[in-house]
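# Close look at the chain arrangement
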Amino acid sequence: MKKNLLIGLTSIALLTATPAPINVLADSPPKTTMQQQGQLEEKDKSLFNSEHYDFVKYSEIQAKLDQLASESNRITIEESDVTSANGHKMYTVIVSDTDAKGKFGHYKALRKKMIKSPMKAQEFVDKHPDVKVPVMINGSIHGTEFVGTDAVLQLIERFSKENDAQTKEILEDHILIFNVVANPDGRIGATRFNGNGIDLNRDFITQSQVETEHMVDMITEWNPMVFLDLHGYVKGSGGPSKPGLIEPCTPPHNPNYEYDLFSKWALNQAEAMEKSIVNNKESYQNTNTETSNVDYQNMTGTYIPQRDDSAGWDDYPPIFTPMYAMYHGAYGYTLEAPTNDWDGVQWTYDAVMGALSYSSENKVEMVKDQIEIFKRGVQFDHPFHESGHFPKAYILPVDEQDSSATLKVVQHLEDNDISVEQAKKDFEYNSVTYPKGTYIVPMDQAKAGLANTMLWDGEDITEDTPSMYDISAWNLPELWGFKAIEVSADAAFDVKGAPVNKVTTNGEVVGSGPYAIPNTSVESISIANSLLNSGHSLQRDEEGTLYAPAELRSELKELVKDHPVKIESKQVPQGVEVIDSQTVAILKDGGMNKAQTHAGTKLALERLGFTVQEVTPQEVAENGLNTDVFIYNGTSNLISYNNRLANKEFGLESQEQYNQFKGNVENFVENGGNYVAIGAGASTATKALGLTDVEINKGGANSNGIVKLTHTQSSLTAGYQQSDLGFVYQPTWYTNTEDKTVISTYENSDNFFLAGHWKGQEAAKGKPVIVQDGNVTLMGLEPGFRDHTDYLFRLLSNAIYTK
């Protein structure tokens, strides 16, 4: 493979249109001590990729960067204490000309000025057209998409060392910020996910992972003008002559963007990237054309969804990195290389060069339009939107007993550059009086689009488009469990507030016991589980409230220091059940079809305070189950032994192993084990295993959103209202339930689907969505979805506590 690379680089060097990508990889450094001792096991390939090459291993990157830093005075390696989920370093590299190096604080301050005083910032740009603008380049957020980081390394070397006219011009106009390996765990393990099993490129509204927080910090620190996210692999969407993909996207576009300002530049910049690729097509090696069917040397372009399609690759949800960056004014693009080889690396490199040259040529007007986004926010003037689209403010009331959800979102907003205030005195709105200290999010601020995206109620877009690429609803108030009161745009609302400086998260223990731990939030249940895991027993009533004896006062006082929950003395009612610590196993899917459904549920359970054991299908077949609870939340293919090569390591291996799995799960249920199936795949598998004869009905694989539910009074729905909310992803409902216990149904109304995209939703109206069949619980919801749906997590703890 390295021979092919060197041949390719020799050919590239002959080009005159743009200087060649530079091989920082030819002379690999000796293996590190960590590698020699076998402490870092790095995979050479992923079976999910159709091509393979000798990509740069994570363990080689620091030495390469250190070497470049010693050879060039343009490069800055930023030291950070941020590490990945598995404890690996994140590398931030800044490349600039020597005039800018040492002045990064100055340039960051100028970027902040865009937010605080956008009118003055525009005037500054007019007077100083030579100002440098930051561009952020993100390498391989999906670990198996290796080419992104390799292209980043080549770009860093070029801009650190070369002196050709194009390089010098780009450095005169830009500061280049590289997140070299956005997902170290994924690169090391050759998996799409980080060490917690989370797809980081679905985490930008939740920001549950340290890697995501790191990227958010970089974006809010620099407010980059352009954001390029380097991915793979899209081969044939544009036909054989247009391999790869470069955004902008198809509709639907999120309604909270100032999309007119983005659209002025986005397609032209994408076509500049395309042109840069095509101009260099003769230098590509076509190493894997026979198997990949990608003929780089005969490229005429690449697939640009907004130009070449009408639907299917949208920028509606803010979960993706470039889409999130757009709320900070960036021109954000996903670049999907065609192949996992050195040609794919060059395609990515060429695309980035095209983007940088375009922003050099158009820098002044592009940055002024970026500032215009912030100016519209500050002036509460959004000409692209219908009047009233943005509310004047949001009121975030605080629950006196359990303020954890509200405080979480306040901190979240602050971390995302959104200003939050606290009322200086009591005030009234719509005949409701709110006390002093109530949180308010004024919407006359620079990043109003992001604030509204995080706080609005969402919408049903089923009729707007035939399909969606991913989720269509992520509503924080509904799914995190706090109230966000919209103050209409034309309301008379003049409440004086003070900026929030610090969010305090301490709770309170009141009285002499016994103590009622409310079933109100992730935080309250985690308090209870801390006591249970320490060997104490608690009592649980029909509302899910957990009672601790008086002698646990000191433990409770220690626990509420970090949990904003008020725990009060209350008489223990009649009919309570004794609850002890529960052992929980969850079926590990590893990455079937590049998706880890169970990972979000596992993290939800851990945040609730449960100790969770992951077990593979093979382990269940060989060893059986020895826990109190077994949770299946994943694809039905996990119990198949006819999986394609890439999935074989995650599923079962033979009919005999399937029979062993089936027999062990049957024994678990028959002996009183608590079996919980979550979602469409697990429900289908449970039926196939013969654990239920309930009929499983499913919506489309990409249908998802927020639904209205009708709950019965049950231990499984304790702590929720009879009429409440849920979240579905591939919606599921059940029939043939006449002799079963129906716990919850979709609301029997035509508008039970609140927000998202779900063709055929009417078939589920009024149908069961949570059903008990003996010791088997079927949930058609996704209460632990991607560690995002905090409000629904207690459906999991209820299911675990229910005997």
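Here's a quick rundown of the structure. (Residues numbered from 1 in each chain as written. Predicted model: local features only at pLDDT ≥ 70, side-chain atom pairs only at ≥ 80, totals over all residues. Heavy atoms only, no water.)

## Notes on the overall build of the protein
Within the protein, the regular secondary structure consists of 24 helices and 34 strands. Computed over the C-alpha atoms, the radius of gyration of the protein is 27 Å, within 12% of the 28 Å expected from 2.2 N^0.38 for a compact globule of 803 residues. Seen along its three principal axes, the alpha-carbon backbone of the protein occupies a region of about 85 × 70 × 50 Å. Counting only residues that meet the buried cut, the protein has 60% of its 803 residues in that class. Looking at the protein alone, contacts between residues at least 24 apart form 79% of all its contacts between residues at least 6 apart. Accessible surface, the protein: about 30000 Å² in total, of which carbon and sulfur atoms supply 45%. Computed over 67 positive and 110 negative side-chain charges, the separation of the two mean positions in the protein equals 4 Å. (Helix = DSSP H or I, 4+ residues; strand = E, 2+ residues; numbered from the N terminus. Rg over C-alpha atoms; globule rule 2.2 N^0.38 Å. Buried < 20%, exposed > 50% of the residue type's maximum accessible area, 1.4 Å probe, protein only. Contact = heavy atoms within 4.5 Å. Areas by Shrake-Rupley, 256 points an atom, 1.4 Å probe, with all protein chains shown as cover. Lys, Arg positive; Asp, Glu negative; His and termini not counted. Charge placed at Lys NZ, Arg CZ, Asp CG, Glu CD.)

## Digging into the packing of helix H6 (residues 147–161) against helix H14 (residues 342–378)
Any two packed helices are characterised by how steeply their axes cross, that is the angle between the axes, and by the distance between the axes. For the pair H6 and H14, interaxial distance at closest approach is 8 Å and the crossing angle is 55°. Relative to H14, the element H6 lies oblique. Relative to H14, H6 is oriented so that their crossing is right-handed. Along its contact with H6, which presents Val147, Asp150, Ala151, Gln154, Leu155, Arg158 and Phe159, the element H14 presents Trp342, Gly344, Val345, Thr348, Tyr349, Val352, Met353 and Leu356. (Axes fitted to C-alpha atoms, helices over the stretch in contact; angles between N-to-C directions. Parallel < 35°, antiparallel > 145°, perpendicular 65-115°, else oblique. Left-handed = near helix turned anticlockwise from the far one by under 90°.)

## Topic: helix H20 (residues 597–607)
Most of H20 is tucked away, with eight of its 11 residues classed as buried. Here H20 has its buried residues at His598, Ala599, Gly600, Thr601, Lys602, Leu603, Ala604 and Leu605. Summarising the contacts, the buried residues of H20 are in contact with strand E23 (584–587), strand E24 (612–615), strand E25 (629–632), strand E26 (674–678) and helix H24 (793–801). Once H20 ends, the next one or two residues include Gly609, with phi positive near 100°.

## Focus: the packing of aromatic side chains
What the rule picks out here adds up to 31 aromatic pairs. Ring geometry for Tyr257 and Tyr259: centres 5.8 Å apart, planes at 45°, overall tilted. Assessed through its relative accessible area of 4%, Tyr257 is described here as buried. Residue classification places Tyr259 among the buried residues on the basis of a relative accessible area of 6%. Both rings, one in Phe610 and one in Tyr801, keep their centres 5.7 Å apart while their planes meet at 50°; by these two values the pair is tilted. Pair noted here: Phe610 is in the loop between H20 and E24 and Tyr801 is in helix H24, with a separation of 191 residues, a long-range link. (Phe/Tyr/Trp six-rings, centres within 6.5 Å; stacked < 30°, edge-to-face > 60°.)

## Quick look at the sheet that holds strand E4 (residues 174–179)
Sheets are built from strands paired through backbone hydrogen bonds, the pairs being either parallel or antiparallel. In space, the seven strands of this open sheet follow the order E1-E2-E4-E3-E5-E9-E6, with mixed pairing throughout. Each edge of the open sheet carries a strand with a single partner, namely strand E1 (75–78) and strand E6 (245–246). When strand E2 (residues 92–95) meets E4, the two strands line up antiparallel, connected through four bridges. Within E4, the position partnered with Val93 by the bridge is Phe178. Strand contacts of helix H3 (residues 58–71): E1 and E2, with the helix running at about 135° to E1, the strand carrying the most contacts. Against the sheet, H14 touches strand E3 (133–139), E4, strand E5 (226–232), E6 and strand E9 (331–337), its axis set at about 170° to E9. (Pairing = 2+ DSSP bridges.)

## Some remarks on the pattern of salt bridges
Enumeration over the complete set of coordinates arrives at 37 salt bridges. Its salt-bridge partner being Arg187, residue Asp150 comes within 3.0 Å of it at the nearest N-O pair. Of this pair, Asp150 sits in helix H6 while Arg187 sits in helix H8 (residues 184–189), and the two are 37 residues apart along the sequence. No difference in accessibility class separates Asp150 from Arg187, as the two residues are buried. Residues joined in a network through salt bridges with shared partners are Glu145, Arg192, Asp199, Arg202, Asp470 and Arg786. (Salt bridge = Lys/Arg side-chain N within 4 Å of Asp/Glu carboxyl O.)

## Focus: the packing of helix H4 (residues 104–116) against H14
Between H4 and H14, whose axes approach to 8 Å, the crossing angle comes to 40°. If you check the angle between H4 and H14, you find them oblique. Residues Arg111, Met114 and Ile115 of H4 form the contact with H14, whose own contacting residues are Val367, Gln370, Ile371, Phe374 and Val378. Residue composition of the contact of H4 with H14, grouped by class: six nonpolar, one polar and one charged. (Nonpolar A, V, L, I, M, F, W, Y, C, P; charged D, E, K, R; others polar.)

## As for empty space enclosed by the protein
The tally for this structure, following the rule as stated, stands at five cavities of 30 Å³ or more. Approximately 170 Å³ is the volume attributed to the largest cavity. Mapped by element, the contributors of at least two residues to the lining of the largest cavity are helix H10 (259–279), H14 and helix H16 (448–455). With three residues, the top contributor of residues to the lining of the largest cavity is H16. The residue inventory of the lining of the largest cavity, partitioned by class, reads 11 nonpolar, five polar and two charged. (1 Å grid on protein atoms, 1.4 Å probe; cavity = no way out; pocket = protein on both sides within 12 Å on 5 of 7 lines; lining within 4 Å. Points joined across faces, edges and corners; volume = space filled by probe spheres on them.)

## Some details on the nonpolar core
Looking at soluble globular proteins, one finds that nonpolar side chains tend to be buried together. Among the nonpolar cores identified, the biggest contains 199 residues, and Ile156, Phe178, Val180, Leu396 and Tyr746 are the most heavily contacted of them. Looking at which element gives the most residues to this core, the answer is H14, with 15 residues. (Core = buried A, V, L, I, M, F, W, Y, C linked by side-chain atoms within 4.5 Å.)

## A short note on the side chain of Glu145
Summarising the element assignment, Glu145 is placed in the loop between E3 and H6. Apart from residues lying up to four places away in sequence, Glu145 is in contact with Ser140, Arg192, His231, Gly232 and Tyr233.

## Some points on unusual backbone geometry
Cis peptide bonds are those with omega within 30 degrees of zero, and the linkage from Pro251 to Pro252 qualifies with 0°. Residue placement: Pro252 occurs in strand E7 (residues 250–253). A cis amide bond links Gly513 to the next residue, Pro514, at an omega of -5°. Positive phi, normally seen in glycine, also occurs at Asp417, with a value near 70°. Examined against the element boundaries, Asp417 turns out to sit in the loop between helix H15 (404–415) and strand E11 (421–423). With a phi close to 50°, Asn430 is a non-glycine residue in the positive phi region. Relative to the helices and strands, Asn430 is located in the loop between strand E12 (427–429) and strand E13 (432–434). According to the relative accessible area criterion, Asn430 is exposed, its value standing at 60%.

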